[in-house]
Amino acid sequence: DAGVIQSPRHEVTEMGQEVTLRCKPISGHNSLFWYRQTMMRGLELLIYFNNNVPIDDSGMPEDRFSAKMPNASFSTLKIQPSEPRDSAVYFCASSAFSGDTDTQYFGPGTRLTVL
Amino acid sequence: AQSVTQPDIHITVSEGASLELRCNYSYGATPYLFWYVQSPGQGLQLLLKYFSGDTLVQGIKGFEAEFKRSQSSFNLRKPSVHWSDAAEYFCAVGTNYGGSQGNLIFGKGTKLSVKP
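Chemist: I'm lost on the interface of chain A and chain B in this one. Help?
Modeler: How big an interface is tends to be stated in terms of the accessible area lost upon association of its parts. Counting from both sides, the interface comprises 24 residues of chain A and, opposite them, 22 residues of chain B. Both sides together, the interface formed by chain A and chain B hides about 1900 Å², and carbon and sulfur atoms give 52% of it. If you look at where chain A meets chain B, you find 0 salt bridges. Where chain A packs against chain B, one counts 4 residue pairs in polar contact (both at pLDDT 80 or more). Mapped by element, the contributors of at least two residues to the side of chain A that touches chain B are strand E4 (31-38) and strand E5 (42-50) of chain A. The biggest single contributor to the side of chain A that touches chain B is E5 of chain A, with 5 residues. Here the side of chain A that touches chain B is built from residues that sort into 10 nonpolar, 9 polar and 5 charged.

Chemist: I keep staring at the environment of lysine 68 of chain A and nothing clicks. Help me out?
Modeler: All names here are of chain A. Within the secondary structure layout, lysine 68 lies in strand E7 (residues 65-71). With a relative accessible area of 57%, lysine 68 lands in the exposed category. For the pair lysine 68 and glycine 28, spaced 40 residues apart in the sequence, the C-alpha separation amounts to 18 Å. Excluding its chain neighbours within four sequence positions, the residues that come into contact with lysine 68 are Phe49, Phe74, Ser75 and Thr76.

Chemist: In this structure, what is going on with the layout of surface pockets? I would like to understand it.
Modeler: One water molecule sets the probe size; rolling that probe over the atoms shows where empty space is left. Approximately 740 Å³ is the volume attributed to the largest pocket. What lines the largest pocket is a set of 32 residues, among which Gln37, Met39 and Arg111 of chain A together with Gln38 and Glu88 of chain B lie closest to the centre. Within the residue set of the lining of the largest pocket, elements represented by two or more residues are E4, strand E9 (88-95) and strand E11 (110-114) of chain A together with strand E10 (87-98) and strand E12 (110-115) of chain B. The element contributing the most residues to the lining of the largest pocket is E11 of chain A, with 4 residues. The class makeup of the residues in the lining of the largest pocket is 12 nonpolar, 15 polar and 5 charged.

Chemist: Whenever I open this one, the environment of proline 61 of chain A confuses me. Can you help?
Modeler: Residues and elements named next belong to chain A. Within the fold, proline 61 resides in the loop between strand E6 (53-56) and E7. Taking relative accessible area as the criterion, proline 61 reaches 33% and is therefore assigned partly exposed. Spatially, the C-alpha atom of proline 61 lies 21 Å from that of proline 8, the residues being 53 residues apart in sequence. Beyond its immediate stretch of four places on either side in the chain, proline 61 contacts Arg36 and Leu46.

Reading guide: rules and limits
- Residues numbered from 1 in each chain as written.
- Chains lettered and ligands numbered in written order.
- Predicted model: local features only at pLDDT ≥ 70, side-chain atom pairs only at ≥ 80, totals over all residues.
- Heavy atoms only, no water.
- Contact = heavy atoms within 4.5 Å.
- Buried area = accessible area lost by both parts, 1.4 Å probe.
- Salt bridge = Lys/Arg side-chain N within 4 Å of Asp/Glu carboxyl O.
- Polar contact = N/O pair within 3.5 Å; in protein donor to acceptor, adjacent residues only side chain to side chain.
- Helix = DSSP H or I, 4+ residues; strand = E, 2+ residues; numbered from the N terminus.
- Nonpolar A, V, L, I, M, F, W, Y, C, P; charged D, E, K, R; others polar.
- Buried < 20%, exposed > 50% of the residue type's maximum accessible area, 1.4 Å probe, protein only.
- 1 Å grid on protein atoms, 1.4 Å probe; cavity = no way out; pocket = protein on both sides within 12 Å on 5 of 7 lines; lining within 4 Å.
- Points joined across faces, edges and corners; volume = space filled by probe spheres on them.

Structure (C-alpha coordinates):
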(Lines give C-alpha, C1' and ligand atoms only; values in the text may rest on other atoms or scores of the structure.)
Protein backbone atom coordinates (compact mmCIF):
# COMPACT_ATOMS: atom_id res chain seq x y z
CA ASP A 1 0.00 0.00 0.00
CA ALA A 2 1.34 3.44 -0.92
CA GLY A 3 0.11 5.09 2.26
CA VAL A 4 -1.37 8.56 2.42
CA ILE A 5 -0.01 10.73 -0.37
CA GLN A 6 0.28 14.50 -0.09
CA SER A 7 1.36 17.07 -2.64
CA PRO A 8 3.24 19.24 -2.89
CA ARG A 9 5.76 18.39 -0.17
CA HIS A 10 6.95 21.97 -0.02
CA GLU A 11 5.21 25.16 -1.07
CA VAL A 12 6.58 28.68 -0.96
CA THR A 13 4.22 31.47 -1.91
CA GLU A 14 3.70 35.15 -1.41
CA MET A 15 1.11 36.71 0.82
CA GLY A 16 -2.22 37.07 -0.92
CA GLN A 17 -1.77 34.13 -3.25
CA GLU A 18 -4.05 31.11 -3.34
CA VAL A 19 -2.61 27.84 -2.08
CA THR A 20 -4.03 24.38 -2.71
CA LEU A 21 -2.83 21.33 -0.82
CA ARG A 22 -3.76 17.87 -2.01
CA CYS A 23 -4.25 14.53 -0.33
CA LYS A 24 -4.90 11.00 -1.51
CA PRO A 25 -6.01 8.75 1.38
CA ILE A 26 -5.27 5.06 1.69
CA SER A 27 -7.55 3.06 -0.56
CA GLY A 28 -10.56 1.75 1.34
CA HIS A 29 -10.36 4.28 4.15
CA ASN A 30 -13.55 6.20 4.78
CA SER A 31 -12.38 8.98 7.08
CA LEU A 32 -9.97 11.78 6.20
CA PHE A 33 -8.44 14.38 8.48
CA TRP A 34 -6.51 17.61 7.88
CA TYR A 35 -4.13 18.80 10.61
CA ARG A 36 -1.84 21.79 10.95
CA GLN A 37 1.40 21.67 12.94
CA THR A 38 3.19 24.77 14.23
CA MET A 39 5.76 25.29 16.94
CA MET A 40 3.42 27.49 18.92
CA ARG A 41 0.22 25.45 18.76
CA GLY A 42 1.42 21.92 18.05
CA LEU A 43 -0.87 19.61 16.06
CA GLU A 44 -4.34 20.95 15.49
CA LEU A 45 -7.24 19.27 13.72
CA LEU A 46 -8.65 21.54 11.03
CA ILE A 47 -11.42 19.41 9.56
CA TYR A 48 -12.40 15.81 9.08
CA PHE A 49 -14.56 13.99 6.58
CA ASN A 50 -16.46 10.75 6.88
CA ASN A 51 -17.56 9.08 3.65
CA ASN A 52 -16.66 12.30 1.80
CA VAL A 53 -18.92 14.43 4.00
CA PRO A 54 -17.41 17.12 6.27
CA ILE A 55 -18.24 16.18 9.85
CA ASP A 56 -16.44 18.76 11.94
CA ASP A 57 -14.80 21.90 10.57
CA SER A 58 -14.65 23.76 13.85
CA GLY A 59 -10.87 23.79 13.67
CA MET A 60 -10.74 25.71 10.41
CA PRO A 61 -9.21 29.03 11.45
CA GLU A 62 -11.27 31.36 9.30
CA ASP A 63 -13.11 31.76 6.04
CA ARG A 64 -9.87 31.91 4.11
CA PHE A 65 -9.60 28.16 4.62
CA SER A 66 -11.76 25.67 2.77
CA ALA A 67 -11.61 21.92 2.26
CA LYS A 68 -13.30 19.59 -0.15
CA MET A 69 -13.50 15.87 -0.71
CA PRO A 70 -15.13 15.30 -4.09
CA ASN A 71 -14.60 11.54 -3.96
CA ALA A 72 -13.19 8.83 -1.73
CA SER A 73 -9.69 9.10 -3.15
CA PHE A 74 -9.00 12.82 -3.14
CA SER A 75 -9.21 15.86 -0.90
CA THR A 76 -7.99 19.45 -1.11
CA LEU A 77 -7.29 22.14 1.45
CA LYS A 78 -7.33 25.63 0.01
CA ILE A 79 -6.15 28.88 1.54
CA GLN A 80 -7.23 32.05 -0.20
CA PRO A 81 -5.73 34.57 0.29
CA SER A 82 -2.71 33.18 2.13
CA GLU A 83 -1.01 35.07 4.98
CA PRO A 84 2.40 34.65 6.62
CA ARG A 85 0.75 33.26 9.79
CA ASP A 86 -0.50 30.33 7.71
CA SER A 87 3.08 29.07 7.44
CA ALA A 88 3.07 25.58 8.95
CA VAL A 89 3.23 21.89 8.11
CA TYR A 90 -0.12 20.55 6.99
CA PHE A 91 -0.81 16.86 7.45
CA CYS A 92 -3.49 14.68 5.98
CA ALA A 93 -4.48 11.44 7.68
CA SER A 94 -6.95 8.70 6.85
CA SER A 95 -8.60 5.87 8.73
CA ALA A 96 -10.90 2.94 8.11
CA PHE A 97 -13.60 2.27 10.60
CA SER A 98 -13.78 -1.39 11.57
CA GLY A 99 -15.54 -1.83 14.89
CA ASP A 100 -13.57 0.33 17.25
CA THR A 101 -10.13 0.16 15.65
CA ASP A 102 -10.12 3.58 14.08
CA THR A 103 -6.39 4.18 13.70
CA GLN A 104 -5.26 7.21 11.72
CA TYR A 105 -2.41 6.94 9.25
CA PHE A 106 -0.57 10.14 8.39
CA GLY A 107 0.91 11.42 5.19
CA PRO A 108 4.38 13.01 5.04
CA GLY A 109 2.97 16.53 5.22
CA THR A 110 3.21 19.70 3.15
CA ARG A 111 5.50 22.41 4.48
CA LEU A 112 3.94 25.75 3.57
CA THR A 113 5.87 29.00 3.71
CA VAL A 114 4.02 32.24 3.05
CA LEU A 115 6.33 35.21 2.53
CA ALA B 1 -13.01 19.11 27.48
CA GLN B 2 -10.63 16.46 26.31
CA SER B 3 -6.94 17.21 26.63
CA VAL B 4 -3.55 15.55 26.62
CA THR B 5 -0.56 16.70 28.62
CA GLN B 6 3.00 15.69 27.96
CA PRO B 7 4.91 17.32 30.83
CA ASP B 8 8.37 16.90 29.34
CA ILE B 9 9.19 19.08 26.35
CA HIS B 10 12.68 17.65 25.84
CA ILE B 11 14.40 14.58 27.27
CA THR B 12 17.96 13.41 26.74
CA VAL B 13 19.00 9.83 27.51
CA SER B 14 22.14 7.85 26.86
CA GLU B 15 22.09 5.11 24.30
CA GLY B 16 21.27 1.82 25.99
CA ALA B 17 19.49 3.49 28.89
CA SER B 18 15.83 2.98 29.65
CA LEU B 19 13.21 5.51 28.63
CA GLU B 20 9.87 6.61 29.96
CA LEU B 21 7.83 9.38 28.34
CA ARG B 22 4.91 10.67 30.32
CA CYS B 23 1.39 11.29 29.08
CA ASN B 24 -1.68 12.33 31.04
CA TYR B 25 -5.11 12.70 29.54
CA SER B 26 -8.44 14.20 30.43
CA TYR B 27 -11.45 12.46 28.96
CA GLY B 28 -14.88 11.72 30.34
CA ALA B 29 -15.30 8.23 28.97
CA THR B 30 -13.07 5.26 28.34
CA PRO B 31 -10.27 6.70 26.25
CA TYR B 32 -8.70 5.43 23.11
CA LEU B 33 -5.01 6.25 23.44
CA PHE B 34 -2.18 6.43 20.95
CA TRP B 35 1.50 7.11 20.75
CA TYR B 36 2.98 8.43 17.51
CA VAL B 37 6.59 9.16 16.60
CA GLN B 38 7.75 11.88 14.21
CA SER B 39 11.27 11.91 12.80
CA PRO B 40 12.57 15.25 11.48
CA GLY B 41 10.84 16.23 8.25
CA GLN B 42 8.59 13.19 8.35
CA GLY B 43 4.97 12.45 9.05
CA LEU B 44 3.66 10.73 12.15
CA GLN B 45 4.07 6.99 12.52
CA LEU B 46 1.89 4.99 14.88
CA LEU B 47 3.88 3.26 17.63
CA LEU B 48 1.05 1.67 19.55
CA LYS B 49 -2.53 2.10 20.63
CA TYR B 50 -4.83 1.17 23.49
CA PHE B 51 -8.52 0.58 22.88
CA SER B 52 -9.49 -1.96 25.54
CA GLY B 53 -8.32 -5.13 27.25
CA ASP B 54 -4.81 -5.63 28.58
CA THR B 55 -3.54 -2.36 29.99
CA LEU B 56 0.05 -3.08 28.91
CA VAL B 57 0.31 -2.55 25.18
CA GLN B 58 3.18 -3.62 22.98
CA GLY B 59 4.12 -1.59 19.93
CA ILE B 60 6.68 -1.45 17.19
CA LYS B 61 10.41 -0.80 17.63
CA GLY B 62 10.41 -2.33 21.11
CA PHE B 63 8.13 0.26 22.69
CA GLU B 64 5.38 -0.45 25.19
CA ALA B 65 2.87 1.68 27.08
CA GLU B 66 0.76 1.10 30.15
CA PHE B 67 -2.73 2.49 30.63
CA LYS B 68 -3.44 3.45 34.23
CA ARG B 69 -7.00 4.62 34.62
CA SER B 70 -6.54 5.70 38.25
CA GLN B 71 -3.74 8.05 37.22
CA SER B 72 -5.20 9.05 33.84
CA SER B 73 -1.86 8.16 32.35
CA PHE B 74 -0.51 6.32 29.34
CA ASN B 75 3.28 6.41 29.67
CA LEU B 76 5.54 5.14 26.92
CA ARG B 77 8.53 2.98 27.82
CA LYS B 78 11.49 1.31 26.19
CA PRO B 79 14.04 -0.75 28.11
CA SER B 80 17.05 0.18 25.98
CA VAL B 81 17.16 3.23 23.73
CA HIS B 82 18.91 3.22 20.37
CA TRP B 83 20.33 6.29 18.64
CA SER B 84 17.70 5.88 15.92
CA ASP B 85 14.97 6.51 18.51
CA ALA B 86 15.84 10.21 18.55
CA ALA B 87 12.63 11.89 17.37
CA GLU B 88 9.57 13.65 18.68
CA TYR B 89 6.89 11.60 20.39
CA PHE B 90 3.24 12.49 20.54
CA CYS B 91 0.56 11.09 22.79
CA ALA B 92 -3.04 11.39 21.61
CA VAL B 93 -6.53 10.60 22.82
CA GLY B 94 -9.25 9.60 20.40
CA THR B 95 -12.66 11.14 20.75
CA ASN B 96 -16.09 10.15 19.54
CA TYR B 97 -14.92 6.78 18.38
CA GLY B 98 -17.43 4.49 16.85
CA GLY B 99 -19.65 4.90 13.84
CA SER B 100 -16.83 5.94 11.50
CA GLN B 101 -16.23 9.10 13.42
CA GLY B 102 -13.37 10.22 15.54
CA ASN B 103 -10.57 12.67 15.75
CA LEU B 104 -7.42 12.85 17.80
CA ILE B 105 -6.40 15.35 20.44
CA PHE B 106 -2.63 15.52 20.55
CA GLY B 107 -0.24 16.48 23.28
CA LYS B 108 2.45 19.06 22.53
CA GLY B 109 5.04 16.36 22.06
CA THR B 110 8.27 15.31 23.77
CA LYS B 111 11.50 15.63 21.86
CA LEU B 112 13.91 12.79 22.60
CA SER B 113 17.65 13.22 22.15
CA VAL B 114 20.00 10.24 22.50
CA LYS B 115 23.59 10.65 23.67
CA PRO B 116 26.18 8.22 22.33
